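Coordinates in review
Now for the letters of each chain:
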Amino acid sequence: MSDTTPVIPDQPEVCRTVDAEERGVWRRVMDRFADHCRARSLFVLHYCTGCGAIELPPTITSRFDMERVGVSPMVTPRQADILLITGYLSVKTLKRVILSYEQMQSPKYVLGFGSCTINGGMYWNSYATVKRLDQYIPADGFIAGCMPRPEAVQQVFLDLMKKIDAGQANAWQDYYLNYDRYLGNQMALFGEEWHTPVDVIAEAEHYGYVGDGTRGRFTEILDRHAAYALRDAPEDYPERGANERLLP
Amino acid sequence: MKQAQVPAVLESVLHEIPGIQITPKEGSRVRVDVAPGALPAILELLKGQLGFMHLSAISCIDWPQTDEFELVYTVWSHEQKMTVSAHVTIPRDPGEYVSVYDIHTPAGFFERDIHEMFGVRFDGSPNLRKFILTSWNGPPPMLKSFDTLAYVEETFQWVDYRPEWLRDIEAKGGGIDSEGEGAPS
Ligand code: SF4
């Protein structure tokens, strides 16, 4: 045993600084590995909007058995990877879909199921249903048909898995990068009072996907809602009670 | 086809109502046309004397040709095994009628629905606030005068029918059958 006091170096060599580029590479390798694993274990949120829901039991259960390729249903949005929009979306349902979508953790994938999610389908001239899902939340894929058979649903899952594995299922990043556009479309439909409990911009910062389209004139309206919540409402803010229209 | 007879029980109960017209239909259905003022009394009589307890539906038809709303009250009796639909017509303007909530409680829902979809006001209905279309600010959408397509064109955008994803599908041998029936030219 030595009685000399240990020398603590100013610059411990074990803790050398990792340069940003190096971390970037490592992170990319990890991401690719994670994508590879993720593609093999996907949970679909058990939330159904239109007639298409009826095709899911055969897809998931023993006849077609999606679980053998790693896709299974999940009951809560926070634990789900895939939001399958099974058919027509009424304006009211779209609000719930957006609330569910924003609660899901990234990376998350949206699949439009049936013609209704692509262009309104047979409800093309209905005042109550939205026509294009991808204007309001970004979608990774669509299944055409009214309604698509389980084989088609399986096909879209397999396509999505391939895309995830290849690191190309990145629609969720678009929601952060162009949040202002999506929010603008939502507000055009629901009115300017529309806002959700999720702070999407903070999430965009967290994931590192703040782009030119993240903030804009519509997110400025959101800031006004935040100010209102703090009892600091601007003069021209809509009356209290305007929000009652949001959710019944 | 043999002309069906007006069921005798119905005849005996309803014959006193002035201006009533009873038309038997196929099966156990009977159509009754009455003046707007007499309808609550008829529902009351049917319910009290013949057991027409079940109000199946109230429906509304907008007739732009005559500027009228037609209201159809459909009731069913377990005792008589018979469906009666009572038709009344009211002028489109001001589009007001009385509620039958005090005779059949479920009428509250139907009246609220018709109020929302056609704008008819039911006097004495317990609740005519927004029902299903909570975020709708337009005119009552079931009116024939409401141009749905114009509203849709103004509110929503269409997808281009030759988008990228379709080319991917076509590359795999799928796609839209442009030769088929109803194909866009
Ligand atoms: S695409 Fe067809 S099956 Fe699917 S929700 Fe629309 S109408 Fe229903």
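Shown above is the structure to which this text applies.
The structure presented is a predicted model; accordingly, all values stated were derived computationally and were not measured. (Residues numbered from 1 in each chain as written. Chains lettered and ligands numbered in written order. Predicted model: local features only at pLDDT ≥ 70, side-chain atom pairs only at ≥ 80, totals over all residues. Heavy atoms only, no water.)

1. Some remarks on the site of the ligand
Stated formally: Throughout, near means a residue has at least one heavy atom within 4 Å of the molecule or strand. The classification used treats Ala, Val, Leu, Ile, Met, Phe, Trp, Tyr, Cys and Pro as nonpolar, Asp, Glu, Lys and Arg as charged, and all other residues, Gly among them, as polar.
Near the ligand, the surroundings consist of C51(A), G87(A), Y88(A), G114(A), S115(A), C116(A), M122(A), Y123(A), G145(A), C146(A) and M147(A). In terms of residue class, the shell around the ligand is built from seven nonpolar, four polar and no charged.

2. Description of the nonpolar core
Just so we agree on the cut-off: Residues belong to one nonpolar core when they are buried, are Ala, Val, Leu, Ile, Met, Phe, Trp, Tyr or Cys, and are joined through side-chain atoms within 4.5 Å. Think of it in three bands: with a 1.4 Å probe and only protein chains considered, a residue is buried below 20% of the maximum accessible area for its type, exposed above 50%, and partly exposed in between. Just so you know, the domain bounds were taken from an automatic or database domain assignment. In what follows, residue pairs with any heavy atoms lying within 4.5 Å of each other are defined as contacts.
Core analysis: the largest hydrophobic core is formed by 58 residues, its most contacted members being L83(A), I137(A) and F157(A). Each of domain 1 (24-168) and domain 2 (170-234) of chain A gives at least three residues to this core. Excluding residues that lie within four positions of it along the chain, F157(A) makes contacts with V44(A), M66(A), V71(A), I82(A), L84(A) and L111(A). Counting residues in hydrophobic clusters, the runner-up holds 42 residues, among them V13(B), I42(B), F52(B) and C60(B).

3. Quick word on the interface of chain A and chain B
Keep this limit in mind: In short, buried area is how much 1.4 Å probe accessible area vanishes from two parts on joining, totalled over both. A pair is scored as a salt bridge if a Lys or Arg side-chain nitrogen falls within 4 Å of a carboxyl oxygen belonging to Asp or Glu. Each polar contact in these results corresponds to two N or O atoms within 3.5 Å; when the atoms are within protein, one needs to be able to donate a hydrogen and the other to accept it, and residues that are neighboring in sequence are counted only if both atoms are side-chain atoms. The numbering of helices and of strands both runs from the N terminus, where a helix is a DSSP run of H or I of at least 4 residues and a strand a run of E of at least 2.
Contact residues are listed per partner, giving 19 residues for chain A and 23 residues for chain B. Interface area, chain A with chain B, both sides summed: about 1,800 Å², of which 61% is carbon and sulfur. Counting across the interface, chain A meets chain B through one salt bridge. The partner of K172(B) in a salt bridge is D159(A), and the shortest N-O contact between them spans 3.7 Å. The interface formed by chain A and chain B includes five residue pairs in polar contact (both at pLDDT 80 or more). A per-element tally of the side of chain A that touches chain B places helix α3 (residues 91-103) of chain A first, with three residues. Residue composition of the side of chain A that touches chain B, by class: eight nonpolar, five polar and six charged.

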